[in-house]
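Close look at the chain arrangement
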Amino acid sequence: MGLTSRARDERAHPLASDAVTWFDREAALCEFQDARLGERFRMLLKQIGGDIGQSIPMVCQDWANTKAAYRFFSNERVSEADILSGHFKSTRERIAAAKGPVLVLHDTTEFTYQRERPDLIGMIKRIPKNNSRRLDGKPQTYTTCGILMHSSLAVTLEGVSYGGIWVMTV
């Protein structure tokens, strides 16, 4: 009989402990300006991690929790670096405990948006419009707006993920 996903996770990550959930391990090393923000983050991580892939309103289940989640993510004292810091530290620990080679995979993802004012979100590139030309003979283009996200993921040779080690958006 095959291993359950939790058993696979525990076997794949040598620092895992039966008494501590992965939420606690990842969030324990986060550095927030205020301890209350850390507590709120741990609660949100448990809610979101308990139903991965669902929207925030679905995992929060009521308006008060949903509003609190959105308030947390829009808080000026909470940054992407704060949220990811614990995970990156946990990933470094898993890599340090690895018995064999660890591969670092890199990826760039484009998030594109349509905007009337491209300057508000950022221009990714200009794309020619169906071979059409302006009156001066130059090709007509349209602007693609959005964000580029560069990330790195550490994995074993067997494909077991140790976690993310770097994310940057531009």
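Quick note: structure is the one above.
This section reports on the structure supplied with the text. No experiment lies behind these values; they were computed from the predicted model shown. (Residues numbered from 1 in each chain as written. Predicted model: local features only at pLDDT ≥ 70, side-chain atom pairs only at ≥ 80, totals over all residues. Heavy atoms only, no water.)

Considerations on the overall build of the protein
Within the protein, the secondary structure is distributed over six helices and four strands. Its helices and strands in sequence order give the protein the pattern α-α-α-α-α-α-β-β-β-β, from N to C terminus. When the 170 residues of the protein are sorted by exposure, 25% land in the buried category. Put simply, 53% of the contacts in the protein that link residues at least 6 apart link residues at least 24 apart. (Helix = DSSP H or I, 4+ residues; strand = E, 2+ residues; numbered from the N terminus. Buried < 20%, exposed > 50% of the residue type's maximum accessible area, 1.4 Å probe, protein only. Contact = heavy atoms within 4.5 Å.)

Considerations on helix α3 (residues 35–49)
Over its 15 residues, α3 extends 21 Å from the first C-alpha to the last, a length consistent with the 21 Å expected when each residue adds 1.5 Å. Listed in full, the buried residues belonging to α3 are L37, G38, R40, F41, L44, L45, Q47 and G49. At its buried positions, α3 is contacted by α2 (22–28), α4 (56–60), α5 (63–73) and α6 (80–96). (Expected span 1.5 Å × (residues − 1).)

Details of the pattern of salt bridges
In total, this model carries six salt bridges according to the counting rule given. Linking D34 and R36 is a salt bridge whose minimum nitrogen-to-oxygen distance equals 2.5 Å. With a closest N to O distance of 2.8 Å, E39 and R42 form a salt bridge. Note that E39 and R42 are positioned in helix α3 at a spacing of three residues, about one turn of the helix. (Salt bridge = Lys/Arg side-chain N within 4 Å of Asp/Glu carboxyl O.)

Here's the deal with the layout of surface pockets
Estimated volume of the largest pocket: approximately 500 Å³. Lining the largest pocket are 22 residues, and of these F41, L45, I83, L84 and H87 sit closest to its centre. When residues of the lining of the largest pocket are traced back to their parent elements, those giving at least two are α2, α3, α6, β3 (139–156) and β4 (161–169). (1 Å grid on protein atoms, 1.4 Å probe; cavity = no way out; pocket = protein on both sides within 12 Å on 5 of 7 lines; lining within 4 Å. Points joined across faces, edges and corners; volume = space filled by probe spheres on them.)

A look at unusual backbone geometry
Positive phi values are uncommon outside glycine, yet Q61 reaches one of about 70°. Along the polypeptide, Q61 turns up in the loop between α4 and α5.

Description of the nonpolar core
Among the nonpolar cores identified, the biggest contains 13 residues, and F32, L37, F41, L45, F72 and V78 are the most heavily contacted of them. Listing elements by their share of this core, those giving two or more residues are α2, α3, α4 and α5. When residues no more than four places from it in sequence are discounted, the contact partners of F32 are L37, G38, F41, F72, V78, D82 and I83. (Core = buried A, V, L, I, M, F, W, Y, C linked by side-chain atoms within 4.5 Å.)

Re a nonpolar patch on the surface
On the surface, a cluster of nonpolar side chains totalling about 330 Å² of accessible area is made up of L103, L105, L153 and L157. Inspection of the secondary structure puts L153 in strand β3. (Patch = residues over 30% accessible without salt bridge, like charges linked within 9 Å, V, L, I, M, F, W, Y side chains within 5 Å. Areas by Shrake-Rupley, 256 points an atom, 1.4 Å probe, with all protein chains shown as cover.)

A word on the environment of V102
Examined against the element boundaries, V102 turns out to sit in strand β1 (residues 102–113). Given a relative accessible area of 26%, V102 falls into the partly exposed group. Between the C-alpha atom of V102 and that of T156, which follows or precedes it by 54 residues, the distance is 4.8 Å. Not counting chain neighbours up to four residues away, the residues in contact with V102 comprise I95, A154, V155 and Y162.

Description of the environment of H150
Assignment of secondary structure puts H150 in strand β3. Each C-alpha atom, one on H150 and one on T108, is 4.4 Å from the other, the two residues being 42 residues apart in sequence. Setting aside residues no more than four positions away along its own chain, H150 makes contact with D107, T108, W166, V167, M168 and V170.

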